[in-house]
Amino acid sequence: MLSIPDLIKKKRDGGQLSDEEIKVFINAVTNKTMQESQIGAMLMAIWQKGMKPTEVQTLTREMMSSGEVMSWPVEWKTLMVDKHSTGGVGDKVSLVLAPALAACGCKVPMISGRGLAHTGGTLDKLESVPGFNVYQSADQIRDILASVGCCIVGQTERLVPADRVLYALRDITSTVDSLPLIAGSIISKKGAESLSALVLDVKFGRAALYKDLQSAEELAKLLVSAGNGVGIRTAAVLTRMDCTIGRYVGNSLEVIESLEALKGRGPDDLMELVTTLGGVLLMQTGLAADLPDGRKQISDAVTGGAALSKFQVMMEAQGVDKGTARSLCSTNTDYYSVLRKADHQLELKAPADGVVVDINGMDLAQVLHHLGAGRSKAGEDVNHSVGAELLVALGQRVAKGTPWLRLHFDDPAPTQEQITWLENSLTVDPKAKPQLGHTLVEKLLLPE
């Protein structure tokens with residue numbers, strides 16, 4: 001058996017690591033018998049030389065087995081589902097999708113993350129609801145799934161400990177964008193959930209990790225291969241991420257828009273993602289005959305109120321006061337009687353007559369990040385009430401002076417430079433024709 005330095009040298013020189021060698025590496029990471037500098041060297045070697053699909057599958061399987069692997073009642077075996085998004089602006093899909101899937105008969109142990117850089121985190125959004133507890137033990141997760149059908153929680157201490165070590169070191173060694181390491185990190189955590197089906201929302205565009213469809217598709221294919229390699233029926237949906245998803249961006253504002261969607265008043269682009277991703281999962285579990293049937297079932301669960309009911313009892317099961325949960329889910333509630341509203345609002349006006357042809361989601365997210373909506377490093381606090389409401393939609397005709405964005409902020413206030421940045425993120429074309437409605441779903445990668 002090769003020593004740790006020999007393993008690093010083998011990968012550095014472009015060699016293919018055997019199953020046993022990858023197992024030795026992950027065991028050394030988990031048991032802390034490998035120096036951080038050695039782990040960093042191996043990560044850089046993987047970043048430079050890549051990995052064969054068989055290596056990625058073994059890496060994923062060994063990371064998955066580095067800690068606790070969840071177990072479920074036999075009768076749930078074909079119903080365990082989850083989704084993963086590669087991150088976007090205004091991406092509140094999980095908040096609508098998890099309860100909709102539960103309403104359709106699935107069990108959804110959704111293990112989510114926090115926001116970093118310009119992308120928002122599902123856990124941060126939910127923590128803007130007073131009392132919502134994202135930290136649940138494996139036994140508590142099982143109980144919530146038995147009574148509700150879905151939960152949205154953070155990663156437990158005993159789940160995939162190897163990933164926690166590697167993820168932290170990837171950040172400081174500039175190896176975050178390594179395809180094999182991304183696949184291993186994402187799929188190992190989903191594998192430890194003991195899922196029967198997984199759908200991946202792989203985004204491409206200006207406000208995504210990958211800017212073009214080709215790069216995103218390369219990642220999607222690797223993720224699908226790794227997922228199927230650990231026994232999860234895995235599919236991917238390639239979706240555009242240039243503007244924003246929905247009209248609201250920012251933690252508590254996205255909770256409001258999610259609740260509006262669960263009350264049947266959601267924006268079309270958000271609902272397209274929810275019904276497509278949910279439809280794929282229902283098809284994969286055999287609960288739907290095909291994708292159109294799956295999409296209809298998810299849509300009916302939302303418009304009929306069943307998904308809203310699931311969200312309400314999920315909030316209660318995860319620590320939210322019953323009166324608070326009931327208030328948030330009532331038809332015409334004042335959301336700010338429960339959720340904190342930022343001290344200040346500022347409306348920006350359209351600079352000219354014309355049709356809205358672009359809103360730069362990346363610029364919007366970066367300004368909100370600087371105002372406190374996001375974090376620059378793990379562990380930092382976020383201001384849940386900082387955010388923005390888009391008051392116009394792509395393809396809509398606007399008149400000069402019409403408010404198009406409402407900014408919510410506390411301290412710090414936006415600088416003039418940031419306001420100019422926001423103003424420049426809107427593009428109005430006086431010659432374009434109004435054309436409401438745009439599709440985000442570009443391509444499906446379904447298992448054979």
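Residues numbered from 1 in each chain as written. Predicted model: local features only at pLDDT ≥ 70, side-chain atom pairs only at ≥ 80, totals over all residues. Heavy atoms only, no water.

A. Molecular detail of unusual backbone geometry. For the bond running from D411 to P412, omega is 15°, close enough to zero to count as cis. For S174, which is not a glycine, the phi torsion comes out positive at approximately 55°. Mapped onto the fold, S174 is located in the loop between α8 (161-172) and α9 (179-192). Overall, the relative accessible area of 57% leaves S174 in the exposed class. In this structure, S194 is a non-glycine residue whose phi angle is positive, near 55°. Tracing the backbone shows S194 in the loop between α9 and β4 (197-204). Overall, the relative accessible area of 25% leaves S194 in the partly exposed class. (Helix = DSSP H or I, 4+ residues; strand = E, 2+ residues; numbered from the N terminus. Buried < 20%, exposed > 50% of the residue type's maximum accessible area, 1.4 Å probe, protein only.)

B. Up close: the side chain of D82. Tracing the chain through its elements places D82 in strand β1 (residues 81-85). Taking relative accessible area as the criterion, D82 reaches 0% and is therefore assigned buried. Here the side chain of D82 touches K190 through a polar contact of 2.8 Å, side chain to side chain. Those residues in contact with D82 that sit more than four places away from it in its chain are P109, M110, I111, K190, E193, L195, A197, L198, V199 and L281. (Polar contact = N/O pair within 3.5 Å; in protein donor to acceptor, adjacent residues only side chain to side chain. Contact = heavy atoms within 4.5 Å.)

C. Representation of the nonpolar core in the model. One finds L101, L200, V202 and M315 to be the most contacted residues of the largest nonpolar core, which totals 150 residues. Discounting chain neighbours no more than four positions away, the residues touching L101 are V81, C106, V108, G278, L281, L282 and I298. (Core = buried A, V, L, I, M, F, W, Y, C linked by side-chain atoms within 4.5 Å.)

D. Quick look at the packing of aromatic side chains. For the coordinates displayed, the defined rule picks out 1 aromatic pair. Above the ring of Y336, the side-chain terminus of K341 is found at 4.9 Å from the ring centroid. (Phe/Tyr/Trp six-rings, centres within 6.5 Å; stacked < 30°, edge-to-face > 60°. Lys NZ or Arg CZ within 6 Å of the ring centre and 35° of its normal.)

E. Structural detail: the sheet that holds strand β13 (residues 441-445). Spatial strand order, β1-β4-β5-β13: 4 strands in an open sheet with mixed pairing. In this open sheet, the two edge strands, each paired with only one partner strand, are β1 and β13. Taking the axes of each pair of neighbouring strands and ignoring which way they run, one obtains an average angle of 20° across the sheet. Bridge count between β4 and strand β5 (residues 233-240): 8 bridges; the pairing is parallel. By the bridge assignment, L198 is partnered in β5 with T234. Along the sheet, helix α10 (residues 213-229) contacts β4, β5 and β13; its crossing angle with β5, the most-contacted strand, is approximately 165°. (Pairing = 2+ DSSP bridges. Axes fitted to C-alpha atoms, helices over the stretch in contact; angles between N-to-C directions.)

F. A look at the pattern of salt bridges. For the structure on display, the rule yields 21 salt bridges. Two residues, D13 and K9, come together in a salt bridge whose shortest N-O distance is 3.4 Å. Classification of D13 by relative accessible area gives partly exposed; the value is 47%. (Salt bridge = Lys/Arg side-chain N within 4 Å of Asp/Glu carboxyl O.)

G. Region of the structure containing the packing of α9 against α10. The N-to-C vectors of α9 and α10 enclose an angle of 45°; their axes lie 9 Å apart at closest approach. With respect to their mutual orientation, α9 and α10 come out oblique. In this structure, α9 crosses over α10, and the sense of that crossing is right-handed. Here L179, P180, I182, A183, I186 and I187 of α9 come into contact with α10, specifically with E218, L219, L222, L223, A226 and G227. Class assignment for the residues of the contact of α9 with α10 results in 10 nonpolar, 1 polar and 1 charged. (Parallel < 35°, antiparallel > 145°, perpendicular 65-115°, else oblique. Left-handed = near helix turned anticlockwise from the far one by under 90°. Nonpolar A, V, L, I, M, F, W, Y, C, P; charged D, E, K, R; others polar.)

By themselves, these figures tell us nothing about what the structure is for.
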